[in-house]
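What follows is the residue order along each chain.
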Amino acid sequence: MVTCVKRRTFVLGGVGAVVLPRHRVVAGPFTLGVASGEPDPDSVVLWTRLAPVPLAADGHGGMPRADVAVEWQVSPDASFRQLVASGTATARHDEAHTVHVVAGGLRPDFEYHYRFRAQGHLSPAGRTRTAPPPAAAGRDLTMLFASCANFEAGYFTAYRRMAEERAGLILHLGDYIYEGVAKPGHVRQHLGPEILTLADYRRRYGQYKVDPDLQAAHASAPWLVVPDDHDVEDDWAGMHRLDNLPPLSAAQWVQRRTAAFRAYYEHLPLRPRSAPAGNAMQLYRRVPWGRLATFHMLDTRQFRDPQACGGGSKKCADADRPGRSLPGLAQEKWLLDGLAQHRGAWDLIGQQVFFAGQLNAAGVGNMDAWDGYRASRDRIQRGWVQRGVRNPVVLTGDIHTGWANDLKADYTDPRSPVVGTELVCTSITSRGDGTAKTSIPAGDVNPHLRFYSDRRGYVRTTITPAQITADFRGVDAVSRPDAAVRTLASFALRDGRPGVNRL
Ligand code: FE
Ligand code: CA
């Protein structure tokens with residue numbers, strides 16, 4: 001659909017404003033932007049979706065029933081004078097006209113630009129890059145990570161500020177969308193009821209992805225993504241629902257999970273091997289970054305045992321039961337096997353829920369986080385110690401506040417050795433503006449938790465062979481657009497010495 005409108009643009013002159021009329025194409029199929037992800041040394045996934053009417057109720061974005069050809073181009077320069085890879089993909093009606101192109105034959109550790117063309121329209125261009133080859137450390141890497149972007153809770157300014165960093169890689173650790181019905185009184189409102197069907201999920205992704213700040217973050221760098229609970233529904237655990245709201249039969253819950261997985265894959269730049277097969281999706285995966293780092297991306301929802309003692313914040317002896325697992329026993333083994341390969345200087349574990357022990361003085365902890373699966377956490381930590389893993393670093397989302405943590409062999413013993421490091425990003429918007437407070441909440445009895453922040457934002461890491469510098473970046477507000485970002489605190493993680501060091 002082509003819509004040309006006469007538009008008036010105000011251009012500020014020296015004295016007052018000059019009004020210039022101009023013609024501009026304001027609609028076309030590329031309303032949801034472009035994205036890239038999953039870089040390896042010679043390829044990257046390129047993503048877009050055709051949706052001239054992104055909020056169409058049937059979830060098809062205003063597209064006809066037919067499949068549509070989409071041309072794609074990759075160039076080393078932003079002007080696209082020279083193409084190093086190009087082709088034509090098919091945007092299928094039954095996939096909501098999304099495309100996942102694996103652009104191959106690229107140079108390792110190299111920056112590229114990409115774009116699409118369909119139905120006579122050219123997409124915006126995105127910037128991406130490949131990973132270094134296996135034997136090389138490559139250049140230092142700026143990696144950002146973020147999670148939890150509730151559209152209703154505020155403007156996506158943190159995504160805009162991430163785009164401005166021009167990072168090498170962005171990790172998104174879940175809650176990319178929220179599934180709830182519109183709640184009055186928020187900064188912005190979800191469209192429609194709580195999402196249940198494939199059409200609902202597709203339209204919800206449409207509502208999020210029209211946001212220009214989110215589009216800018218996708219266009220700025222390749223992403224590695226893993227979902228958490230709200231990408232499907234609040235606090236789900238495997239085939240278990242923590243609450244039954246709205247009430248669903250077992251079959252309806254399977255349908256909902258299937259729809260959510262399908263829409264998640266459709267809208268994010270995942271490799272085709274992650275495409276869901278019915279009600280299952282292969283999301284845990286390793287992404288090597290030469291000799292510098294290995295990203296181990298975990299799936300902490302699909303295979304977990306139900307939350308102990310009915311979930312919530314509790315003192316719960318059942319959380320210690322040895323048979324319980326958060327990633328599932330197969331994924332625990334997969335993670336430890338991967339850590340034993342010692343491929344990169346840093347083993348970065350991208351996952352969703354708070355990893356360090358955080359029980360209060362009365363022994364109460366969050367049963368949705370690793371505190372509700374303590375034997376599983378112990379097996380993983382002991383496993384990496386036994387395998388001599390030099391620099392294990394857990395990267396976490398979910399709790400809408402920022403934290404920097406020393407990981408301890410025994411969280412109940414202050415003299416227990418530090419065996420790893422955890423960095424927890426705050427949210428993009430969830431929990432609202434927050435406060436400038438950066439001290440650990442009063443009453444916290446866990447000295448291994450070294451930093452807390454209640455601002456919205458992201459974590460910026462600069463990864464070198466000898467050190468990771470982690471900057472906790474916070475935006476001043478999310479209740480108004482375009483707020484400034486600032487560094488709230490910085491930490492150094494030093495090679496061979498687990499734990500955080502405040503700079
Ligand atoms: Fe969240
Ligand atoms: Ca969550």
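All figures in this text were calculated on a predicted structure; none of them were measured in a lab.

Draft legend 1. Summary view of the overall build of the protein. Within the protein, the regular secondary structure consists of six helices and 26 strands. Relative to the 2.2 N^0.38 estimate, which gives 23 Å for 503 residues, the radius of gyration of the protein is 23 Å and therefore close to what a compact globule would have. If you line up the protein on its principal axes, its C-alpha atoms span 70 × 50 × 50 Å. Put simply, 67% of the contacts in the protein that link residues at least 6 apart link residues at least 24 apart.

Draft legend 2. Up close: helix H6 (residues 374–386). Compared with the 18 Å implied by 1.5 Å per residue over 13 residues, the 18 Å span of H6 between its first and last C-alpha is a close match. Buried within H6 we find Arg374, Ala375, Ser376, Arg377, Ile380, Gln381, Gly383 and Trp384. Along its buried surface, H6 packs onto helix H5 (329–339), strand S17 (346–350), strand S19 (392–396), strand S20 (402–408) and strand S21 (418–424). Gly388 occupies a position one or two residues after H6 and carries a positive phi of about 65°.

Draft legend 3. Inspection of the coordination of the iron ion (ligand 1) at higher detail. Distances from the iron ion (ligand 1) to its protein donors, Cys148 (SG), Asp175 (OD), Tyr178 (OH) and His400 (NE2), fall at 2.0 to 2.5 Å. Bound by four donor atoms, the iron ion (ligand 1) shows angles of 86 to 167° at the metal and therefore irregular coordination geometry. On the primary sequence, the residues serving as donors to the iron ion (ligand 1) are separated as C-x26-D-x2-Y-x221-H. Separating the iron ion (ligand 1) from the calcium ion (ligand 2) is a distance of 3.7 Å, and Asp175 supplies a donor atom to each of them. Linking Tyr178 in the loop between strand S12 (169–172) and helix H2 (198–209) with His400 in the loop between S19 and S20, this pair joins segments that are 222 residues apart in sequence. Residue classification places Tyr178 among the buried residues on the basis of a relative accessible area of 6%. Relative accessible area serves as the criterion here: at 16%, His400 is assigned to the buried category.

Draft legend 4. Region of interest: the packing of helix H1 (residues 157–164) against helix H3 (residues 212–220). H3 packs onto H1 with a crossing angle of 30° between their chain directions and a minimal axis gap of 7 Å. As judged from the angle between their axes, H1 and H3 are roughly parallel. As for the relative orientation of H1 and H3, their crossing is left-handed in sense. Of the residues in H3, those in contact with Thr157, Tyr159, Arg160, Met162 and Ala163 of H1 are Pro212, Asp213, Leu214, Ala216, Ala217 and Ser220.

Draft legend 5. Quick peek at the coordination of the calcium ion (ligand 2). Around the calcium ion (ligand 2), the protein contributes the donor atoms Asp175 (OD), Asp228 (OD), Asp229 (OD) and Asp398 (OD), at 2.3 to 2.6 Å from the metal centre. Counting residues between consecutive donors of the calcium ion (ligand 2) along the chain gives the motif D-x52-D-D-x168-D. Residue class for Asp228 comes out buried when judged on its relative accessible area of 1%. Taking the relative accessible area as the measure of exposure, Asp229 reaches 2% and is therefore buried.

Draft legend 6. Molecular detail of the layout of surface pockets. Here the largest pocket is characterised by a volume of approximately 470 Å³. Along the wall of the largest pocket there are 29 residues; nearest its centre are Ser313, Gln358, Asn366, Asp398 and Ile399. Here the residues of the lining of the largest pocket sort into eleven nonpolar, ten polar and eight charged. Taken together, 22 residues make up the lining of the second largest pocket; nearest its centre are Gly357, Asp410, Tyr411, Thr412 and Asp413. At the level of secondary structure, the elements contributing two or more residues to the lining of the second largest pocket comprise H6 and S20. Looking at the lining of the second largest pocket residue by residue, the classes come out as seven nonpolar, six polar and nine charged.

Draft legend 7. Region of the structure containing the packing of aromatic side chains. Within the structure shown, the criterion is met by 21 aromatic pairs. A centroid spacing of 5.0 Å and a plane angle of 75° characterise the contact between Trp403 and Tyr452, whose relative ring orientation is edge-to-face. Residue Trp403 is located in strand S20, and its partner Tyr452 is located in strand S22 (residues 449–453); the two are separated by 49 residues in the primary sequence. As far as burial versus exposure is concerned, Trp403 and Tyr452 are alike and both buried. When the ring of Phe472 is compared with that of Phe491, the centres are 5.8 Å apart and the planes differ by 80°; the resulting orientation is edge-to-face. Placement of the pair is Phe472 in strand S24 (residues 467–475) and Phe491 in strand S25 (residues 485–494), with a sequence separation of 19 residues. In terms of burial, Phe472 and Phe491 fall into one category: buried. Chaining the aromatic ring pairs together yields one cluster made of Phe151, Phe156, Tyr159, Tyr176, Tyr205, Tyr208 and Trp223. Seen from the ring of Phe80, Arg115 lies directly overhead, with NZ or CZ sitting 4.1 Å from the centre. It is Lys209 that lies over the ring of Trp47; its NZ or CZ is 4.4 Å from the centre.

Parameters at a glance
Residues numbered from 1 in each chain as written. Chains lettered and ligands numbered in written order. Predicted model: local features only at pLDDT ≥ 70, side-chain atom pairs only at ≥ 80, totals over all residues. Heavy atoms only, no water. Helix = DSSP H or I, 4+ residues; strand = E, 2+ residues; numbered from the N terminus. Rg over C-alpha atoms; globule rule 2.2 N^0.38 Å. Contact = heavy atoms within 4.5 Å. Expected span 1.5 Å × (residues − 1). Buried < 20%, exposed > 50% of the residue type's maximum accessible area, 1.4 Å probe, protein only. Donors = N, O, S within 2.8 Å, 3.2 Å for Na, K, Ca; no water. Tetrahedral: all angles 85-135°; square planar, octahedral: opposite > 155°, others 65-115°. Axes fitted to C-alpha atoms, helices over the stretch in contact; angles between N-to-C directions. Parallel < 35°, antiparallel > 145°, perpendicular 65-115°, else oblique. Left-handed = near helix turned anticlockwise from the far one by under 90°. 1 Å grid on protein atoms, 1.4 Å probe; cavity = no way out; pocket = protein on both sides within 12 Å on 5 of 7 lines; lining within 4 Å. Points joined across faces, edges and corners; volume = space filled by probe spheres on them. Nonpolar A, V, L, I, M, F, W, Y, C, P; charged D, E, K, R; others polar. Phe/Tyr/Trp six-rings, centres within 6.5 Å; stacked < 30°, edge-to-face > 60°. Lys NZ or Arg CZ within 6 Å of the ring centre and 35° of its normal.

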